[in-house]
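Here's the letter readout for the chains.
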Amino acid sequence: MYTGGAGHLGQTGNVVFHIGCRYHRKRFNIIPTIFYAKHHDLLVNAFDPRVGVNYDQNLGDATAWGAELELNLYPTENIVVFFNPSYTRLEFDDDFTRGDTVVHVEGNQYPDTPEMLVKAGMIWTIGNLEVAPTVKYVGRRYSTARETEPISSYATADLGVRYTLPKFAWCKDLAVG
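Residues numbered from 1 in each chain as written. Predicted model: local features only at pLDDT ≥ 70, side-chain atom pairs only at ≥ 80, totals over all residues. Heavy atoms only, no water.

1. Here we look at the pattern of salt bridges
Under the definition given, this model contains five salt bridges. Its salt-bridge partner being Lys-38, residue Asp-93 comes within 3.0 Å of it at the nearest N-O pair. Placement of the pair is Asp-93 in the loop between strand 7 (79–92) and strand 8 (96–98) and Lys-38 in strand 3 (residues 28–40), with a sequence separation of 55 residues. Measuring nitrogen to oxygen at the nearest pair gives 2.8 Å for the salt bridge that ties Arg-89 to Glu-91. (Salt bridge = Lys/Arg side-chain N within 4 Å of Asp/Glu carboxyl O. Helix = DSSP H or I, 4+ residues; strand = E, 2+ residues; numbered from the N terminus.)

2. Concerning the side chain of His-39
Checked against the element boundaries, His-39 lands in strand 3. Excluding residues that lie within four positions of it along the chain, His-39 makes contacts with Gly-13, Asn-14, Gly-60, Asp-61, Ala-62, Ala-64 and Leu-90. (Contact = heavy atoms within 4.5 Å.)

3. Overview of the side chain of Thr-113
With respect to the element layout, Thr-113 can be found in the loop between strand 9 (101–103) and strand 10 (116–126). Taking relative accessible area as the criterion, Thr-113 reaches 15% and is therefore assigned buried. Not counting the four nearest positions on each side in its chain, Thr-113 is found in contact with Thr-88, Leu-90 and Arg-141. (Buried < 20%, exposed > 50% of the residue type's maximum accessible area, 1.4 Å probe, protein only.)

4. Thoughts on the confidence of the model for the protein
Considering every residue of the protein, the mean pLDDT works out to 88; 93% of them sit at 70 or more. Contacts from residues 1–9, a stretch scored under 50 in pLDDT, to residues over four places away or in other chains number 24 contacts. (pLDDT = per-residue confidence, 0-100.)

5. Points about the packing of aromatic side chains
Scanning all chains against the criterion turns up three aromatic pairs. Where Trp-65 meets Tyr-87, the ring centres are 5.6 Å apart and the plane angle is 45°; that geometry is what we call tilted. Here Tyr-87 lies in strand 7 and Trp-65 lies in strand 6 (residues 62–76), a separation of 22 residues in the sequence. When the centroid spacing of 5.7 Å and the interplanar angle of 35° are considered together, the rings of Phe-92 and Tyr-110 count as tilted. Placement of Phe-92 in strand 7 and of Tyr-110 in the loop between strand 9 and strand 10 is noted, with a sequence separation of 18 residues between them. Judged by relative accessible area, which is 18%, Tyr-110 ranks as buried. (Phe/Tyr/Trp six-rings, centres within 6.5 Å; stacked < 30°, edge-to-face > 60°.)

Here is the structure:
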């Protein structure tokens, strides 16, 4: 159990290990990565029962692990299709105390850290014009260390459009989008 107390501003730090590989062919590339990390004395916005409010506090240690994938397909010279999912588990290693009160967070996901993220879409280049429709999914997460305030998952759809003017004035290229 972490007993750092209010106002404890210990030095934060972490140790991170990740391993990945890159496999590239003419029509696709794939980059899977896995990671593991130990974080020390994380700063998090949490409820302090002694004063009845949430504020940023050093709450002890946490462990993170997960995986990411980058997948790009090149069906033609001017089209890229991409799919990038990731899974992250970042959880508190121990409960913490404030005065005589134990705040139960051990095993809880770190606030505002969704376990699942996915971004997918395509980039279509037509001369100097680039059109990029994308979708993004952000999984459910919590706004508090005690996991009392859930934030629903959501998805967005975006459309990016960019036009590049080659050799514009003093610029090599000027992109407007």
